[in-house]
Amino acid sequence: MHRSGTSLLSRIVSLLGATLPATLRGPNAANQKGHWESLRLSAYHDSMLERLGSAWRDWRPLNCTARPAEVLAQIRRETCAILASEYKAAHFFGVKDPRICRFLPTFAAALEAFGSEVSVLMLLRNPLEVCESLQRRDGMGRTDAAMLWLRHTLDAESSSRDMRRSLLLHSDLLADWRSSIERLTAELRMVWPVGIDEAALGIDAFIDPGLQHHARTTREVSLDPSLEGWVAEAWHALLALRRDSRSREARAQLDRIQLAFDTASPFMYALRRGVDPAVLDADASSGNPGSSEAPPPHDTRNPKTFVVILDYCGGRQTDALYEVLSSQNPTYRIDVLDNGSPNNPSSYITHKNPENHFIGGGIQDCIELARQSGAEYLFFFTNDAEIENLDISYFEDAMERDPELVQMSMSMTQDSDKLNYAWMTNQGRSEDRQVHHADLIASLLRISFLDTFSFPASKSGWGYDFQIAYEAKRASKKIVVSDKFLCRHFQDVHLIPAAEKYKEMQEVYNAVYGDWTIIYPHPEDRAQHS
């Protein structure tokens, strides 16, 4: 389960000799000591869930084994190819990805096809701690977080019963890792490549109980109104199963909860998102339960505004931008569209292009994601932006107050190294100023305005800001720069020579508007680029 301490367990296992994946997700603000998981595998699992009409945040049942045989065979082949790339010829390796909880039998079949023996290490963490961690990291509501814990935990437990497995408590692992690992070793009859005593120094140095920000008791779970019922009952049953792995009573209790949850969760999920449950009922009766009930993979907690960072080969800078935005705007979901990066992808990818669609295509993809989410506005960020402070709701409120406003951008720092138009430079007066043209580096855009013309005109996307400026001027709409919030633009990682850029702009815009020069809405622009 997400936020359950699996990164801690994964690192301990690696120190005991398990091979780590080739593309390793590194540390970030939400996980300061690293994730110790495969970037390629987690990205693949996200795309797989989307193909199956689901997403990592989805807490409805997902029965992969009921899929057509050819679909399952394709998943096995694709998984095996990633395993071969990530672990090469390693004879002992660890795989960590919380998403696997929802399709463990399918993933285990792929591991067996890869030629591996499977042992399951299931780490149990107090659901109240998990919920509070998800609220802090993702801005997730308490009920959704509780249901997500219940789905992953029930599915992982029921599907691993016939496998060689060990159940561990997160609190035990932090308090006395050696006893937990010794018990795990005995239960799995494990022979570690590195002995426990030999690995002890590294494990002791890695474990930091101070990083457990949400320590809670079992009594608090029972008393929390969001967790009473299924969640609290499941937690007590899991604790009983931890004490006695053969407990028939505990297993029966978990089975009863899972049956009730599986039956009710699609309708509960729909009601929480404003979907008519009758639509789900109609799909079920038609034998097509996976179509209209698919979760909105581009769902936001604030449906007015869809927030997305466009990433390309700049994972570390994208991650830094993501972490600032998400920490300062907890009620908004922050999405990341990776535009076909061949290397150095972000750790927070929510949507991925299979190949590079260039700047124009990437921006258009972001607009389309916003349309699919039902949002009225798109807050668009390029990953070569550096932001210290931003209140997204301030921009949204400005759009709500003034229907003539179609673009609102952050002002630029004096040291921004390109696209530093004088009228976008921060004036130091903490005000909102109407301008003739603004870059999209960090901008809120009105989608209905973008729908009135073909945007962007060019595939590479060069000149998209001028195009918006011209169309806004032609329609008597407003573009505003806010000096309340400051953005620094730094050198991008994928530059196209200026001569090539402007040659394409001239060809494209002559065809669209009849005259390249009219795209420049201000004499200073023509002088700068002549």
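Residues numbered from 1 in each chain as written. Predicted model: local features only at pLDDT ≥ 70, side-chain atom pairs only at ≥ 80, totals over all residues. Heavy atoms only, no water.

Caption draft 1: Expanded view of the overall build of the protein chain. On a plain count of helices and strands, the protein chain comes out with 20 helices and 11 strands. Counting every position in the protein chain, which comprises 530 residues, the buried fraction comes to 54%. Taking contacts inside the protein chain between residues at least 6 apart in sequence as the whole, the part at least 24 apart equals 74%. Carbon together with sulfur atoms contributes 51% to the accessible area of the protein chain, which is approximately 22,800 Å² in total. (Helix = DSSP H or I, 4+ residues; strand = E, 2+ residues; numbered from the N terminus. Buried < 20%, exposed > 50% of the residue type's maximum accessible area, 1.4 Å probe, protein only. Contact = heavy atoms within 4.5 Å. Areas by Shrake-Rupley, 256 points an atom, 1.4 Å probe, with all protein chains shown as cover.)

Caption draft 2: Up close: the packing of helix α6 (residues 142–159) against helix α11 (residues 230–243). Contact pair α6 / α11: the axes reach a minimum separation of 10 Å and the direction vectors enclose 35 degrees. At the point where α6 passes α11, the crossing takes the left-handed sense. Where α6 approaches α11, its residues A146, M147, W149, L150, T153, L154 and E157 are matched on the opposing element by W230, V231, A234, W235, L238 and L241. Residues of the contact of α6 with α11, tallied by class, amount to 11 nonpolar, one polar and one charged. (Axes fitted to C-alpha atoms, helices over the stretch in contact; angles between N-to-C directions. Left-handed = near helix turned anticlockwise from the far one by under 90°. Nonpolar A, V, L, I, M, F, W, Y, C, P; charged D, E, K, R; others polar.)

Caption draft 3: Focus on the side chain of S38. Tracing the backbone shows S38 in the loop between α1 (6–15) and α2 (39–51). At 2.9 Å, the side chain of S38 forms a polar contact with the backbone nitrogen of L41. In contact with S38, not counting residues within four places along its chain, are P21, T23 and E86. (Polar contact = N/O pair within 3.5 Å; in protein donor to acceptor, adjacent residues only side chain to side chain.)

Caption draft 4: Spatial organisation of the nonpolar core. If you look at the biggest cluster of nonpolar residues, it comprises 73 residues, and the most contacted ones within it are L378, F381, I387, L390, F455 and I468. Apart from the residues lying within four places of it in its own chain, the contact partners of L378 are F306, V308, C366, I367, A370, S443, L444, L445 and I447. Core analysis: the next-biggest nonpolar cluster, separate from the first, contains 36 residues, W56, A250, I257 and F261 among them. (Core = buried A, V, L, I, M, F, W, Y, C linked by side-chain atoms within 4.5 Å.)

Caption draft 5: Quick peek at the packing of aromatic side chains. Counting across every chain of the model gives 15 aromatic pairs. Ring centres of F379 and F381 lie 4.7 Å apart, and the angle between their planes is 5 degrees; on these two criteria the pair is classed as stacked. F379 gets classed as buried once you look at its relative accessible area, which sits at 0%. Their ring planes at 55 degrees and their centres at 5.1 Å tell us that F379 and F395 sit as a pair that is tilted. Remark: F395 occurs in helix α16 (residues 392–401) and F379 occurs in strand β6 (residues 377–382); sequence separation between them is 16 residues. The residues F379 and F395 share a single accessibility class, namely buried. The side chain of R11 reaches across the aromatic face of W36, ending 4.2 Å from its centre. (Phe/Tyr/Trp six-rings, centres within 6.5 Å; stacked < 30°, edge-to-face > 60°. Lys NZ or Arg CZ within 6 Å of the ring centre and 35° of its normal.)

Caption draft 6: Region of interest: the layout of surface pockets. Quantified by volume, the second largest pocket comes out at close to 1,100 Å³. Lining the second largest pocket are 48 residues, with G94, V95, S119, V120 and L121 sitting closest to its centre. Of all elements in the fold, only α1, α4 (104–113), β1 (119–124) and α6 reach the threshold of two or more residues within the lining of the second largest pocket. Tallying contributions element by element places β1 first for the lining of the second largest pocket, with six residues. Each residue belonging to the lining of the second largest pocket can be placed in one class, and the counts come to 30 nonpolar, 12 polar and six charged. (1 Å grid on protein atoms, 1.4 Å probe; cavity = no way out; pocket = protein on both sides within 12 Å on 5 of 7 lines; lining within 4 Å. Points joined across faces, edges and corners; volume = space filled by probe spheres on them.)

Caption draft 7: The arrangement of unusual backbone geometry in detail. The phi dihedral of C313 is positive, around 50 degrees, even though this residue is not glycine. Locating C313 in the fold gives a position in the loop between β3 (305–311) and α14 (315–328). Even without being a glycine, N344 presents a positive backbone phi close to 50 degrees. Along the chain, the position of N344 falls in the loop between β4 (334–339) and β5 (351–353).

Caption draft 8: Structural context of helix α9 (residues 196–206). I196, A199, A200, I203 and F206 are the residues of α9 that are buried. Along α9, the residues classed as buried sweep out an arc of 135 degrees about the axis, all on the same side. Facing away from the buried side of α9 by over 90 degrees, the exposed positions are D197, E198, L201 and A205. Taken together, the buried residues of α9 touch α1 and α8 (177–188). (Arc of directions from axis to C-beta.)

Caption draft 9: Seen up close, the environment of S393. With respect to the element layout, S393 can be found in helix α16. The spatial distance from the C-alpha of S393 to the C-alpha of Y332 is 9.0 Å, given a sequence separation of 61 residues. Here D391 takes part through its side chain, which lies 2.6 Å from a polar atom of the side chain of S393.

Caption draft 10: Representation of the side chain of S166 within the structure. Tracing the backbone shows S166 in strand β2 (residues 164–169). Under the relative-accessibility criterion, S166 is labelled buried at 1%.

Caption draft 11: Layout of the environment of S247. Mapped onto the elements, S247 comes out in the loop between α11 and α12 (248–272). Using a relative accessible area of 14% as the deciding quantity, one classes S247 as buried. Taking the C-alpha atoms as reference points, S247 and A237, separated by 10 residues in sequence, lie 9.2 Å from one another.

Caption draft 12: Spatial organisation of the pattern of salt bridges. Evaluated as defined, the whole model comprises 28 salt bridges. Note that E129 and R125 form a salt bridge whose closest N and O atoms lie 2.9 Å from each other. Look at E129 and you get buried, because its relative accessible area is 5%. Its relative accessible area of 8% is what places R125 among the buried residues. Salt-bridge contacts for R371 lead to D451; the nearest nitrogen and oxygen are separated by 2.6 Å. Here D451 lies in the loop between α17 (447–450) and α18 (464–474) and R371 lies in helix α15 (residues 358–373), a separation of 80 residues in the sequence. On the accessibility criterion, R371 (30% relative accessible area) is partly exposed. Residue class for D451 comes out partly exposed when judged on its relative accessible area of 45%. Three or more residues joined by partner-sharing salt bridges are found here, namely E157, R161, R165 and D255. (Salt bridge = Lys/Arg side-chain N within 4 Å of Asp/Glu carboxyl O.)

Caption draft 13: Structural view of the environment of A22. Relative to the helices and strands, A22 resides in the loop between α1 and α2. When the C-alpha positions of A22 and E37 are compared, they lie 9.4 Å apart, and in sequence the two are 15 residues distant.

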